[in-house]
Structures are given as C-alpha cells and as structure tokens.
Protein chains: 2
Amino acid sequence: MNGPEELRMTPARRAILEALEATHCHPTADELHDSLRKSLPRVSLGTVYRNLEVMSRHRLIRTVEGAGGQRRYDAVLAPHHHIRCVRCGRVDDVEPADLSWLEGKLKEESGYDVLGHVLVFEGICPACSAAEGGKEEGGDNGAQGNEN
Amino acid sequence: MNGPEELRMTPARRAILEALEATHCHPTADELHDSLRKSLPRVSLGTVYRNLEVMSRHRLIRTVEGAGGQRRYDAVLAPHHHIRCVRCGRVDDVEPADLSWLEGKLKEESGYDVLGHVLVFEGICPACSAAEGGKEEGGDNGAQGNEN
DNA sequence: ATAACTGCAAAACGTTTGCGTGTAT
DNA sequence: ATACACGCAAACGTTTTGCAGTTAT
C-alpha cells in the first residue's frame, strides 16, 4: 500500500553507512553513536536508532539477529551467518552454508511458508580462549554481556 | 567453586514448570505470569523472572534464543530448533537437524572454540497464511511483535 | 515549498534488584 | 533455625516517540 517512501541521503545516514561498511564488528546503536560523534558531534542517539531502522527497512543494511543482548547491525547484505563469543560478546562473520534443503523439508512438515532462517554459532573466541588459557576448566562464570 | 546451590521446589516454581510443560507455545515471562495468576493470584512478575532464570541455570528449562522480541522459555530440553511466524510472533518447534559437521568445519576456519548453535527459521504460519490469503502480495506491513 | 529529517527529552518496554517478610527444608 | 524464596516497587539499560525547528529535494 505505501510504497517505499523517499529516502534522503543526509550526513547522519551517510556517516552511519560508512561506519558500518568500514568495520566487521557489527556495532550496536550506541557504539555507532559514539563513533559518529567524532565527525558529527551533535548527532543524537535517537537519530541513530531511527536511521538504522529506516535503512534496514530499505535494505541498505541488515540487523544481526539472535546476537544476544543489544541489537547489532551489519552492512554486509550477502547471506552469511555469525558466531558470537559467549565470553566477550564479540560477533564475527561465518561463511554461508546452504540450508535450503532443510527449509524445503520444513515447509512440508510444518505447514509454514518458510522465508529464511537465522543461524548463529556460539563459542569462545581466540582472544578469550587465550586469556582463559589453563586457568580453570569447569567454572560457570556466566559472564556473557560484555562488549568487545 | 560454587556448586549448584540447593533448589527448592516452591509453589511458584512447580506452577511455572507445569505451565511450561503443558504448552508448546514458548511463553514469555509475562504470559506465564498471567497464566500463573489464575492459581497463585499473588505471584509477582519479578518472581517469575527470578525463577525462570534459576531454573534455566539449573537446566530444568531452557530459554528460546533468537526468537525476536521478548525472551521466551521452553520446557523441552532435547535439542531441537524453532520456527517463528514473522506476522504474529508465534514460535513452533522444529525437528533437530545435525549440523555438527558445520561446527567442525567452523572450528578450523574461525579459530573459535565452537560450543553450539542457534537455528531459528522464519516464515508465515498456516493461520496467518490463511488470514492473509489473497489479500495482498507485496505489502510491507512490518507487524511482527504480536502474540499468539 | 514541503515532506523528510533532526536534536532533545520524556516515555515505553522488558528485565533486574534491594529490601523486609515469609517459608521450605 | 536458617538459608532460600517471596511480593513489592524502584531502578536499570535499551529502544521508541512527540514535538518544534532544520534541511534535502
């Protein structure tokens, strides 16, 4: 009904897009806000959220789903997956795997009209592995909300 | 260091566990709270959250990860996946698929110590498919926060 | 000219926590 | 008897929203 409304290219949007394209770190809205402030000191967090939402709706960027706590964003539009470190929260990219056969199977089993899937691996990143090293092995430290 | 502390079976906990086992709907904390109130009118939402957290830590239940907005809970401990309706938010169970080969491959590629993965399909459930029927085809209605 | 965008601040939302009381063990 | 759990309400972190002024088209 309402076709994609006009999308203006404003300084804030350009900056968000550039910041997102310049990193593979899948930043959160407030990380983005912090880094944008260097060039646009008056940009507000609300604007960052608003633009991330709009640009994501227009498929200029993507939101990283299932990445744990805060919402994260990604400028890589090509299909791929993610792996999240359960210790430090870091999110890295993972080569896409072809799971379309699974979707087909599922379509029959469930009656759903299957549109896609989200696949997020969980693990411990090399840095955290090294840090934990031989320190402890069975400890349930539960820390998983931190930032990179 | 701190072994699993004693876990008392209180009326609230029993009720939460029973409610969770009685449904496959993966309720949110406040849905659970609403339904608990029928039998325990004075139970508080804070208690529901506290108990879901404790019981999940003790592996009596699981939290459904990557299911979109609100956190959802599941009494089915056996490995399986989920499919979420992007129209109404409903979450259903999906047969487990063996993706361990993928985890192995990933372990070498990424350097991560891979612990597991979360796989959530997205689609349109039969009910919503029927409701939308032939109404519209390209509409971007964006509604996806509703409850079943 | 005008619809889209912005900063700001307040509100909304889901979740967690502190505190004093109650209860399962 | 005592550690654990509770209800309540306030606090928290994240995200959304209303409004009045600004800017890209």
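Quick summary incoming for the structure in this document. (Residues numbered from 1 in each chain as written. Chains lettered and ligands numbered in written order. Predicted model: local features only at pLDDT ≥ 70, side-chain atom pairs only at ≥ 80, totals over all residues. Heavy atoms only, no water.)

**A few points about the protein's contact with DNA strand C**
Link 1 in the chain: Within the structure, DNA strand C sits among 20 residues, and Thr10(A), Arg13(A), Val43(A), Thr47(A) and Tyr49(B) are positioned closest to it.
Link 2 in the chain: Counting only the atoms of DNA strand C that lie within 4 Å of the protein, the sugar and phosphate share comes to 75%.
Link 3 in the chain: Arg8(A) is positioned such that a nitrogen or oxygen atom in its side chain is 3.0 Å from a base nitrogen of DNA strand C.
Link 4 in the chain: At a separation of 3.2 Å, a phosphate oxygen of DNA strand C approaches a polar backbone atom of Val43(A).
Link 5 in the chain: Taken together, the residues of the surface near DNA strand C sort by class into six nonpolar, five polar and nine charged. (Near = heavy atom within 4 Å. Polar contact = N/O pair within 3.5 Å; in protein donor to acceptor, adjacent residues only side chain to side chain. Nonpolar A, V, L, I, M, F, W, Y, C, P; charged D, E, K, R; others polar.)

**Looking at helix α4 (residues 100-110) of chain A**
Link 1 in the chain: Buried residues of α4(A): Leu102(A), Glu103(A) and Leu106(A), and no others. What you see down the axis of α4(A) is that its buried residues fit within an arc of 95°, all on one side.
Link 2 in the chain: Taken together, the buried residues of α4(A) touch β5 (113-124) of chain A together with β3 (81-85), β4 (91-94) and β5 (113-124) of chain B.
Link 3 in the chain: Once α4(A) finishes, Gly111(A) follows within two positions and takes phi at roughly 80°, a positive value. (Buried < 20%, exposed > 50% of the residue type's maximum accessible area, 1.4 Å probe, protein only. Helix = DSSP H or I, 4+ residues; strand = E, 2+ residues; numbered from the N terminus. Arc of directions from axis to C-beta. Contact = heavy atoms within 4.5 Å.)

**Re the relation of the copies chain A and chain B**
Link 1 in the chain: The two copies are related by a screw motion: chain A maps onto chain B through a turn of 179° and a shift of 0.0 Å along the axis, at an RMSD of 0.2 Å. Interpreted geometrically, this transformation is the action of a two-fold axis.
Link 2 in the chain: Of all interface residues in chain A, 97% are interface residues in chain B too; the two copies therefore contact each other through one and the same surface. (Least-squares fit on C-alpha atoms with pLDDT ≥ 70 in both.)

**Examining the environment of His117(B)**
Link 1 in the chain: With respect to the element layout, His117(B) can be found in strand β5.
Link 2 in the chain: Placed 18 residues apart in sequence, His117(B) and Leu99(B) show a C-alpha to C-alpha distance of 8.6 Å.
Link 3 in the chain: Residues in contact with His117(B), not counting those within four places in the same chain, are Leu119(A), Val120(A), Phe121(A), Glu122(A), His81(B), Leu99(B) and Glu103(B).
Link 4 in the chain: Here the side chain of His117(B) touches Glu103(B) through a polar contact of 2.6 Å, side chain to side chain.

**Examining the environment of Ala15(A)**
Residue and element names in this part refer to chain A.
Link 1 in the chain: Examined against the element boundaries, alanine 15 turns out to sit in helix α1 (residues 11-21).
Link 2 in the chain: Along the chain, alanine 15 and leucine 40 lie 25 residues apart, while their C-alpha atoms are 8.5 Å from each other.
Link 3 in the chain: For alanine 15, the residues in contact, after removing those within four places along its chain, are Leu36 and Leu40.

**A look at the pattern of salt bridges**
Link 1 in the chain: Applying the stated rule across the entire model yields 10 salt bridges over all chains.
Link 2 in the chain: Salt-bridge contacts for Asp92(A) lead to Arg90(A); the nearest nitrogen and oxygen are separated by 2.7 Å.
Link 3 in the chain: On the basis of relative accessibility, which here comes to 18%, the residue Asp92(A) falls in the buried class.
Link 4 in the chain: The partner of Lys105(B) in a salt bridge is Glu109(B), with the nearest N and O atoms 3.6 Å apart. (Salt bridge = Lys/Arg side-chain N within 4 Å of Asp/Glu carboxyl O.)

**Considering the interface of chain A and chain B**
Accessible area lost on assembly of the parts is the figure often given for the size of an interface.
Link 1 in the chain: Each side of the interface is counted separately: chain A has 35 residues, and chain B has 35 residues.
Link 2 in the chain: Where chain A abuts chain B, roughly 2,900 Å² becomes buried across the two surfaces, and 65% of that area is made up of carbon and sulfur atoms.
Link 3 in the chain: The largest share of the area that chain A buries against chain B comes from Tyr112(A), Phe121(A) and Glu122(A), three residues that together contribute 23% of it.
Link 4 in the chain: Across the chain A-chain B interface, the total number found is two salt bridges.
Link 5 in the chain: Notably, a salt bridge pairs Glu65(A) with Arg84(B), separated by 3.8 Å at the nearest N-O pair.
Link 6 in the chain: At the boundary of chain A and chain B, one finds 10 residue pairs in polar contact (both at pLDDT 80 or more).
Link 7 in the chain: Among the secondary structure elements, those contributing two or more residues to the side of chain A that touches chain B are β3 (81-85), β4 (91-94), α4, β5 and α5 (126-132) of chain A.
Link 8 in the chain: Among the elements that make up the side of chain A that touches chain B, the one with the highest residue count is β5(A) (12 residues).
Link 9 in the chain: Its residues assigned to classes, the side of chain A that touches chain B shows 18 nonpolar, seven polar and 10 charged.
Link 10 in the chain: Relative to β5(B), β5(A) is paired through 11 bridges, and the arrangement is antiparallel. Residue Val114(A) lies in a different strand from β5(B), and its bridge partner there is Gly123(B). (Buried area = accessible area lost by both parts, 1.4 Å probe. Pairing = 2+ DSSP bridges.)

The quantities given are spatial measurements derived from coordinates; they are silent on function.
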